[in-house]
Amino acid sequence: MPARSDITYFGAGPALLPTDVLEKAAQALLDFNGTGLGIAEHSHRSELATSIINEAKVDLATYLDIPAADYEVLFMQGGGTGEFSASVYNLVGAWVARQHAAVLKDLGGSEAADEAAVVAALRAKVETDLKLDYIVTGGWSLKAYQEAVRLLGPEYVNLAADARLENGGKFGKIPDQASWKLSKDAALVYYCDNETVDGVEFPEFPSALAPKADGTGPIVVADMSSNILSRRIPVANHSLLFFGAQKNLGSTGVTVAVLKKTFLPPTITQPSPALMRRLGLPIPPIVLQYEIVAKNNSLYNTLSIFDVYVAGQVLKKLLSTFPNKVDGQQAVAEKKAEIIYSALEAHPDVYKIVPDKTARSRMNICFRVIKNGTTDESEKAFLEEATGLGLTGLKGHRSVGGIRASNYNSIPLEGAEKLAKLIEAFAKA
C-alpha cells in the first residue's frame, strides 16, 4: 500500500490538504489545546468556538486584503450549490427593499402611504424591472442560472451570455464582453470565476462589470469555489463572493460568503415574508439568510467548528509561507500551470487541451489524450501509468470525460513537475 508521501492527488475536490495541517487537526479531534475534549465535541456556542471563527475571519481578510470595514465574512453550509439559492434569495430581497424605499418616497412617505398602493406599485416594478443576469461559461454557472430560473421563473432571469453559442455547443471559451446582454440595474450579475468541470477561468476581472468612477455599478456575484486563495481578487468590485472550502481552503462541510455590508442592516433590511408573499417572490430558508447569519456571527445553527478550524489552519500556513500573502501563492500557481501546459503543448499530436488558450484554467487543467487516434484506449493507458507513479485523481468529470489535473494550492511544485515528466514520457513512448 502506498504511503501518503507517495501520492500526488490531482482530484477536483475534496482536494488534497497539507499534511501538517491534517496532523494538527487529527490531534485536535482527540484533545484540543489540552481541554480533554476533541474540537468536534466542544459547543459551537463556546468562547473557544467563537475564537476559532473570529481568527479565521481575520486571517482570510488579511490574506486576500478584504477591507473588514466594508465586508462581512460568513461561514455557512450547503456548499456552492446552496449559495446559488442564497444569492438569489438575499439579493432579490435587497432589490425589493430598495424599490420599497423608493415607492414610499414617491407616495409621500411611510406614514402617508397606503399599504395597498405600495404593494401595487411594488408589484408593477417587479413585473417590469426585476432581472437577474447570468454569464454562463461552464457547468457550474449553468447550474446557477438554472437554479435562479427554478426559484423565480424565466421571466426574471436573463441569460446575458452563453459560451456554448460561440464554441459549437460546448463550453471552452469566454464570450467577448462586448456581446454580453446585461440588464439595466439588475438585482445581481453572476459569473463563475473558474469552471471546475470545463477547465475555463476568467483571466482577469471582467471589465464589463467594473464599477464606474463614482463607485456605482453592477451588483456582482462571483462563485470562486475552485480558485479562491490562488490569486488576487479586486474585492471592491464585488458585492458578494462565495466559495466552498474543499478545494483550496479546507475540508468539505463549510462554505464562505464574503458580503458587502451595504446589503446588511442598518443599510438594508430584508423585506418581511408577508410582503414577499404578496409580491409572489420566494422567501429564503432562515439558514440561508445572510442577515441572520451575520447577526449571529455564523452561529445561528450548529456550525462545524472543526471544519472552520481546518480552514483557519490552512490560512495560517499560507500567511506564514507567503509574506506577500496571496500574491506569493499566485506566482506559484501560475508557475505550476505553465509547467503542465508547456508539456502538453510540446506534443500536439498526442494531447489536445480542451479550453481555448484565452480561457485556460490554472486550477483545473483539462485535456484529451489523442495518441494514435485512439482516445479511449490512450486515456486509459495514461491513467494507469499515472497511478503507478502515484499521480492520482486525474480522471475527468463524468459529464465530459478526458483527463483533468486539478492544480490546487496544496499540489507542490514537485507534483506539477512529476506530472509534466509523465506527459513527456507518455508522448515519446
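- In the nomenclature of an unreviewed UniProt entry, the protein is known as phosphoserine transaminase of Lasiosphaeria miniovina.
- Turning to the protein, the UniProt annotation filed under Sequence similarities (unreviewed entry) states: "Belongs to the class-V pyridoxal-phosphate-dependent aminotransferase family. SerC subfamily."
- Looking at the protein in UniProt, the text filed under Pathway (unreviewed entry) is "Amino-acid biosynthesis; L-serine biosynthesis; L-serine from 3-phospho-D-glycerate: step 2/3."

**Thoughts on the sheet that holds strand S11 (residues 351-353)**
Next, step 1: A sheet is described by the order of its strands in space; here three strands give the open sequence S11-S12-S14, paired in antiparallel fashion. Of all the strands in the sheet, just S11 and strand S14 (403-406) have a single pairing partner and so form its edges. The mean angle between the axes of side-by-side strands here comes to 30 degrees, regardless of whether they run parallel or antiparallel.
Next, step 2: Two elements, strand S12 (residues 364-369) and S14, share four bridges in a ladder whose sense is antiparallel. Each bridged residue has a counterpart across the sheet, and for Ile-365 the counterpart in S14 is Ala-405.

**Side note on empty space enclosed by the protein**
Next, step 1: Throughout the structure, instances matching the rule amount to one cavity of 30 Å³ or more.
Next, step 2: Roughly 40 Å³ of internal volume is contained in the largest cavity.
Next, step 3: Forming the walls of the largest cavity are Asn-90, Leu-91, Ala-94, Leu-259, Phe-263, Leu-264, Gln-270, Tyr-290 and Glu-291.
Next, step 4: Looking at the lining of the largest cavity, the elements with two or more residues in it are helix H3 (79-106) and helix H7 (290-295).

**Looking at the pattern of salt bridges**
Next, step 1: Applying the stated rule across the entire model yields 17 salt bridges.
Next, step 2: Between Arg-231 and Asp-193 there is a salt bridge whose closest N-O contact spans 3.0 Å. Pair noted here: Arg-231 is in the loop between strand S8 (220-223) and strand S9 (240-244) and Asp-193 is in the loop between strand S5 (188-192) and strand S6 (194-195), with a separation of 38 residues, a long-range link.
Next, step 3: Asp-193 sits in the buried class, given a relative accessible area of 2%.
Next, step 4: Between Glu-424 and Lys-428 there is a salt bridge whose closest N-O contact spans 2.7 Å. You can see Glu-424 and its partner Lys-428 sitting in helix H11 (residues 413-428), four residues apart, about one turn around the helix.
Next, step 5: If you follow the salt bridges from partner to partner, you end up with Asp-65, Arg-232, Lys-325 and Asp-327 in one network.

**A look at unusual backbone geometry**
Next, step 1: Following Gly-13, the chain continues to Pro-14 via a peptide bond in cis, the omega torsion being 0 degrees.
Next, step 2: As for its placement among the helices and strands, Pro-14 is situated in the loop between strand S1 (8-9) and helix H1 (19-30).
Next, step 3: A cis geometry characterises the amide bond from Pro-265 onward to Pro-266, with omega recorded as 5 degrees.
Next, step 4: Among the structural elements, Pro-266 can be located in the loop between strand S10 (255-260) and helix H6 (273-278).
Next, step 5: Phi at Asn-297 is positive, roughly 50 degrees, even though this residue is not glycine.
Next, step 6: Among the secondary structure elements, Asn-297 is positioned in the loop between H7 and helix H8 (305-321).
Next, step 7: One non-glycine residue, Asn-372, adopts positive backbone phi at about 60 degrees.
Next, step 8: If you trace the backbone, Asn-372 turns up in the loop between S12 and helix H10 (375-388).

Calculation notes
Residues numbered from 1 in each chain as written. Predicted model: local features only at pLDDT ≥ 70, side-chain atom pairs only at ≥ 80, totals over all residues. Heavy atoms only, no water. UniProt positions renumbered as here; feature names shortened; annotations may be inferred. Pairing = 2+ DSSP bridges. Helix = DSSP H or I, 4+ residues; strand = E, 2+ residues; numbered from the N terminus. Axes fitted to C-alpha atoms, helices over the stretch in contact; angles between N-to-C directions. 1 Å grid on protein atoms, 1.4 Å probe; cavity = no way out; pocket = protein on both sides within 12 Å on 5 of 7 lines; lining within 4 Å. Points joined across faces, edges and corners; volume = space filled by probe spheres on them. Salt bridge = Lys/Arg side-chain N within 4 Å of Asp/Glu carboxyl O. Buried < 20%, exposed > 50% of the residue type's maximum accessible area, 1.4 Å probe, protein only.

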